[in-house]
Amino acid sequence: MAQVTGLEGVVAADTDIALVDGEQGKLIYRGIPANQLAVRHTYAEAAHLLWHGGRPDANRDAAAQTERRLADKRELSEDLRAMLDALPLQMPMMAVLQSAVAAFRQKAPDTGHWPPTVEQAERITAAMPTIIAHHARRQARLEPLAPDPELGHTANYLYMLTGQRPAAVHVRALDAYFILCMEHGLNASTFAARVILSTQADLYAAVSGAIGAMKGPLHGGAPYEVIAMLEQIGTAERAESWLRELLERGGRIMGFGHRIYRTQDPRAQALREVTAALVGDDPAFALALHVEETALRLLAHYKPGRRLYTNVEFFAAAVLRALQLPPELFTPTFTAGRIVGWTAHALEQARVNRIFRPQSRYTGPLNEQDTPPS
Ligand code: ACO
């Protein structure tokens, strides 16, 4: 009997939020291709679409209200700031985020309630960049900054990290990245959020659990690993021998392969274009393009028939690096983008809720009198 692992191909929920078509390489948010949204719309418009539906072009006023509500919730409460200030400086960012989101429920006035609300989703989404920037600046021995009311969501993130108002091109690039990584069907972290929510735990518990699932190198931790890989490769001349050696000892090339996409990941293509426009002929980007081309050729040779292509994480690393974010902020930044998808799924789960309870197949020893169920 083949071993059951990974729930591959199992449909665990119906959803109106996104279509992930792995054969044709399409990602569509409520009827609209994600790569179109990424170049034509703002982060708040895309978030509004995922939470509420409706076409963004016909919905600009409503999306502007979402933007305002996010702006109102961006500043951290005194309690949350005090909690963050009490955390050890060396505490990893993903652990900080998990703790901070879990702590939301202690004080927020609408907590203890189930089902989850869009108001709660906005609160976590709005605060996430502020929390990341607060801890990052403490770690750098800098004074944390309050959000700038004149800046939007992604611009504020860059501002609160650096203390500088970002260039418009950087804001557009980060908007595009956030929109492209906002939602992706029942990936591990979104599934984790839905499972937790299905127990009628609150949204803060669901998001905090999703952050835990996000952290691993097979999921949200990959962009960090991509940068580490590119740094180890170092030069175009070394790429082929480095990658061959990795594949020959059975290693995985970070930023390649996907459980669902058996063709190009549409997000990778869109981010490749965004990064190219942002950095021009930057040598680090040229190295990434060379590594991509070499890796695709070697994967076709060493893993024939597996249909392994570049995934979103490879170019996420390139765009985040071009924005001069330090590698340790890559996974937290991905998290700040994905939060919209998690919360949209949680809201959807609550509407049709039935607790998740799959079965396992027992393969351990049995006494003579016990027979396995057929
Ligand atoms: N490099 C080399 N070989 C690979 C890679 C890779 N990146 N990905 C898959 N393979 C190979 C496996 O070794 C396996 O080969 P085999 O049949 O000879 O044993 C075959 O392809 C199938 O691999 P699975 O592990 O069954 O694929 P799965 O669907 O479980 O894994 C995953 C998907 C985790 C993304 C995988 O491709 C991987 O580890 N990639 C590298 C990490 C990465 O980039 N993660 C980010 C994913 S995107 C995201 O989470 C947002």
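Please read these numbers as outputs of a predicted model, since none were measured by experiment.

Around the ligand there are 21 residues in total, and R252, I253, F256, R259 and R306 lie nearest to it. Interatomic distance of 2.7 Å between a side-chain N/O atom of R252 and an oxygen atom of the ligand. Contacts to the ligand include R306, whose side-chain N or O atom sits 2.7 Å from an oxygen atom. In the complex, 77% of the free accessible area of the ligand, which totals 920 Å², lies under the protein chains. Along the lines of polarity and charge, the residues of the shell around the ligand split into 10 nonpolar, 6 polar and 5 charged.

Right, let's get into helix 11 (residues 222-233). Between its terminal C-alpha atoms helix 11 stretches 16 Å, which fits the 16 Å expected from 12 residues at 1.5 Å a residue. Of all the positions in helix 11, only A222, P223, V226, I227, M229, L230 and I233 are classed as buried. Seen from one end, helix 11 has its buried residues packed into an arc of 160°, which puts them on one side. Looking at the buried positions of helix 11, the neighbouring elements they touch are helix 12 (236-248), helix 14 (283-302), helix 15 (312-322) and helix 16 (330-351).

Soluble globular proteins tend to pack their nonpolar side chains together in the buried interior. Within the largest apolar cluster, 111 residues are counted, with the highest numbers of intra-cluster contacts made by Y29, I131 and Y177. Residue contacts for I131: discarding those within four places in its chain leaves L76, L80, L84, V96, L97, A100 and F104.

On to the UniProt feature "active site" (unreviewed entry) in the protein. Per the UniProt annotation, the sites labelled "active site" (unreviewed entry) are H258 and E313. In three dimensions, the annotated residues from a span of 56 residues occupy one location, with a maximal C-alpha spread of 10.3 Å. Checking the named residues against the largest pocket, the ones that line it are H258 and E313. The topology assignment puts H258 in the loop between helix 12 and helix 13 (266-279). The contacts of H258, once residues within four sequence positions are left out, are H184, D265, R267 and N311. Position of E313 relative to the elements: it lies in helix 15.

Our next topic: the packing of aromatic side chains. This model, assessed by the stated rule, comprises 8 aromatic pairs. When the ring of Y177 is compared with that of F178, the centres are 6.2 Å apart and the planes differ by 55°; the resulting orientation is tilted. The two residues Y177 and F178 agree in class, both being buried. Judged by centre distance (5.1 Å) and plane angle (85°), the rings of F314 and F315 are edge-to-face. Across the pair, exposure class does not vary: F314 and F315 are buried alike. These aromatic residues form a ring-pair network of at least three members: Y43, Y157, Y177 and F178.

About the cut-offs
- Residues numbered from 1 in each chain as written.
- Predicted model: local features only at pLDDT ≥ 70, side-chain atom pairs only at ≥ 80, totals over all residues.
- Heavy atoms only, no water.
- Near = heavy atom within 4 Å.
- Polar contact = N/O pair within 3.5 Å; in protein donor to acceptor, adjacent residues only side chain to side chain.
- Areas by Shrake-Rupley, 256 points an atom, 1.4 Å probe, with all protein chains shown as cover.
- Nonpolar A, V, L, I, M, F, W, Y, C, P; charged D, E, K, R; others polar.
- Helix = DSSP H or I, 4+ residues; strand = E, 2+ residues; numbered from the N terminus.
- Expected span 1.5 Å × (residues − 1).
- Buried < 20%, exposed > 50% of the residue type's maximum accessible area, 1.4 Å probe, protein only.
- Arc of directions from axis to C-beta.
- Contact = heavy atoms within 4.5 Å.
- Core = buried A, V, L, I, M, F, W, Y, C linked by side-chain atoms within 4.5 Å.
- UniProt positions renumbered as here; feature names shortened; annotations may be inferred.
- 1 Å grid on protein atoms, 1.4 Å probe; cavity = no way out; pocket = protein on both sides within 12 Å on 5 of 7 lines; lining within 4 Å.
- Phe/Tyr/Trp six-rings, centres within 6.5 Å; stacked < 30°, edge-to-face > 60°.

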